[in-house]
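Chain by chain, the residues run as shown.
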Amino acid sequence: MPWPTLQDEEVLRLTKAETDRQNTALQLIASENFASPAVMTATGSVFTNKYSEGYPGRRYYGGNQVVDQVEDLARQRVCELFGAEHANVQPHSGANANMAVYQALLEPGDTVLGLSLDHGGHLTHGSPVNASGLMYNFVGYGVTESDERIDLDQVLALANEHRPKLVVTGATAYPRTIDPEPFRKAADSVGALLMFDAAHIAGLIAGGVHPNPVGIADVVTFTTHKTMRGPRGGCILTTSDLAAAIDKAIFPGQQGGPQEHAIAAKAIGFAESATDEFKAYAAQVVANASALASAMGEEGFRLVSGGTDNHLLLIDLRPFDAELTGKEAQIVLDEAGITLNRNSIPNDPRSPFVTSGLRIGTPAVTTQGMTEPEMVEIARLTAATLRNRTDPSAVANIREEVRQLCAPFAPYPQS
Ligand code: DSN
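Residues numbered from 1 in each chain as written. Predicted model: local features only at pLDDT ≥ 70, side-chain atom pairs only at ≥ 80, totals over all residues. Heavy atoms only, no water.

K.L.:
Honestly, the sheet that holds strand S10 (residues 234–238) in this entry has me stumped. Any pointers?
P.N.:
By definition, the strands of a sheet pair up through backbone hydrogen bonds, in either a parallel or an antiparallel sense. In space, the 7 strands of this open sheet follow the order S4-S10-S9-S8-S7-S5-S6, with mixed pairing throughout. Looking at the sheet topology across the chains shown, the edges are occupied by strand S4 (86–88) and strand S6 (137–141). Adjacent strand axes in the sheet meet at a mean angle of 20° when their direction is disregarded. Where strand S5 (residues 111–115) lies against strand S7 (residues 166–169), 2 bridges are found, and the strand directions are parallel. Residue pairing across strands places valine 112 opposite leucine 166, the latter belonging to S7. Here helix H4 (residues 94–105) sits on the sheet in contact with S6, S7, strand S8 (193–197), strand S9 (219–223) and S10, set at roughly 160° to S9. (Pairing = 2+ DSSP bridges. Helix = DSSP H or I, 4+ residues; strand = E, 2+ residues; numbered from the N terminus. Axes fitted to C-alpha atoms, helices over the stretch in contact; angles between N-to-C directions. Contact = heavy atoms within 4.5 Å.)

Here you go:
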């Protein structure tokens, strides 16, 4: 039977429009990046056609001789990259990875320590509206009022008071290095296991610019598409003794058929992350964030914790303009081609839907080749947009400046 000849003009038009948006605007969402053409080709490969429930050598369907090799390749590459004993590369997302870890290590109702969402954690670290918070008894720790860094004394005190079975660390909106060692100590002090959610910083760890929690935490989860710059998806690294329980919790516990096209792309992403070029990339991500933080400070913004050690900054808008909310800022910046997300700041008086903060990340702009001088420009354009937010023609002029800034750095110029 011939293939359908339909040219889906609507989807083609939308794909072109999205490519244009990505090529001509600033992508500053801290969890986003640009995947390489090789990674994107693998996600559109014939592996998309195959069902392969189970694991290499232990599948429920036939025809998995090649799929087994691609999944083994991905597992082997990521274990080498991080020095892990065992990897599960099947999680469709970071949320799935985290839920599988809980299923493997906990019973419903068990107590877990996690960083509160409103202090930079993640939905799956026990938010009451997420399955993690509904199924398990999460106790939240936070950042200190004085330096806005994770309150390690509080972590120890809460561990002692609540005797958790699992301590979770890792964040989505925390601009500082997370040292896994104090969390290991807190977990050990009460005989708990330790999970490190490295979703945001996996690429910084792979690139050697942040401490590697593998070998310190019992389980490390991460996503493959943020600083790692691979395809969308999740991954779990663990010790040999927890491997069987983790694998069982992913399949059949949380998921059915794995997405082998994504796993093929993960294998490519892991190989890309093992190169010297990626090490230089990871270092530049951090250097760019630091330059952007200094320039934003010069423009009158307050940086939560006073700066950044990683790929993101968290901005408190109130000293810049007490009336300006994160929501309003996000909307007008998007109009100017500066795409980022509003974010709660620690102890934010506004709701999570409105917020007093912005989260700004450098992984994507660094992939496209921008360096410190462009960070100064981004700070200037951001401040100018917010100062002129009630003047549509000023915002339109800034959109043109953004287009010019991005032109030499288009990530997908041939598309
Ligand atoms: N959506 C991700 C982020 O932006 O950090 C977390 O899952």
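K.L.:
In this structure, what is going on with the packing of aromatic side chains? I would like to understand it.
P.N.:
When we look at a pair of aromatic rings, we describe it by the centre distance and by the angle of the planes. For the coordinates displayed, the defined rule picks out 10 aromatic pairs. Between the aromatic rings of tyrosine 102 and tyrosine 136, the centroid separation amounts to 5.7 Å while the plane-to-plane angle is 65°, which identifies the pairing as edge-to-face. On the criterion of sequence distance, the pair formed by tyrosine 102 in helix H4 and tyrosine 136 in the loop between helix H5 (131–135) and S6 is long-range, its members being 34 residues apart. Grouping residues by exposure puts tyrosine 102 and tyrosine 136 together as buried. (Phe/Tyr/Trp six-rings, centres within 6.5 Å; stacked < 30°, edge-to-face > 60°. Buried < 20%, exposed > 50% of the residue type's maximum accessible area, 1.4 Å probe, protein only.)

K.L.:
Explanation requested: the packing of helix H3 (residues 65–82) against helix H10 (residues 260–273) in the structure shown.
P.N.:
To describe two helices that pack against each other, one gives the angle between their axes and the distance between the axes. With their axes 9 Å apart at the nearest point, H3 and H10 run at an angle of 35° to one another. Helix-helix and strand crossings are classified by hand; for H3 and H10 the assignment is left-handed. Contacts from Val67, Val70, Glu71, Ala74, Arg77, Val78 and Leu81 in H3 reach Glu260, Ile263, Ala264, Ala267, Ile268, Phe270, Ala271 and Ser273 in H10. Its residues placed into classes, the contact of H3 with H10 shows 11 nonpolar, 1 polar and 3 charged. (Left-handed = near helix turned anticlockwise from the far one by under 90°. Nonpolar A, V, L, I, M, F, W, Y, C, P; charged D, E, K, R; others polar.)

K.L.:
I tried to follow the side chain of threonine 362 on my own but got confused; where do I start?
P.N.:
Inspection of the secondary structure assignment puts threonine 362 in the loop between strand S15 (357–361) and helix H13 (363–367). The exposure class assigned to threonine 362 is buried, which follows from its relative accessible area of 0%. Once residues within four sequence positions are removed from consideration, threonine 362 is found in contact with Val285, Asn288, Ala289, Leu292, His311 and Met375.

K.L.:
Where do I start with the site of the ligand in this structure?
P.N.:
In the vicinity of the ligand, the contacting residues are Ser31, His122, Thr172, His200, Lys226 and Arg359. Here an oxygen atom of the ligand and a side-chain polar atom of histidine 200 are 2.7 Å apart. Class assignment of the residues belonging to the shell around the ligand gives a composition of no nonpolar, 4 polar and 2 charged. (Near = heavy atom within 4 Å. Polar contact = N/O pair within 3.5 Å; in protein donor to acceptor, adjacent residues only side chain to side chain.)

K.L.:
What exactly am I supposed to notice about the pattern of salt bridges here?
P.N.:
Two side chains carrying opposite charge are able to pair once their charged atoms lie near each other. Across all of its chains, the model carries 19 salt bridges by this definition. Residue aspartate 276 is joined to lysine 279 by a salt bridge in which the shortest nitrogen-to-oxygen separation is 4.0 Å. Linking aspartate 276 with lysine 279, this pair stays in helix H11 (residues 276–298), spanning 3 residues, or about one helical turn. Because the salt bridges share partners, they merge into one network encompassing Arg59, Asp68, Glu71 and Glu260. (Salt bridge = Lys/Arg side-chain N within 4 Å of Asp/Glu carboxyl O.)

K.L.:
Explain helix H12 (residues 326–335) to me, please; I cannot follow it from the model alone.
P.N.:
By the burial criterion, the buried members of H12 are Gly326, Ala329, Val332 and Leu333. The arc that holds the buried residues of H12, viewed along the axis, is 140°, so those residues lie on one side. Contact partners of the buried residues in H12: strand S13 (338–339), strand S14 (341–343), S15, helix H14 (372–387) and helix H15 (392–406). (Arc of directions from axis to C-beta.)

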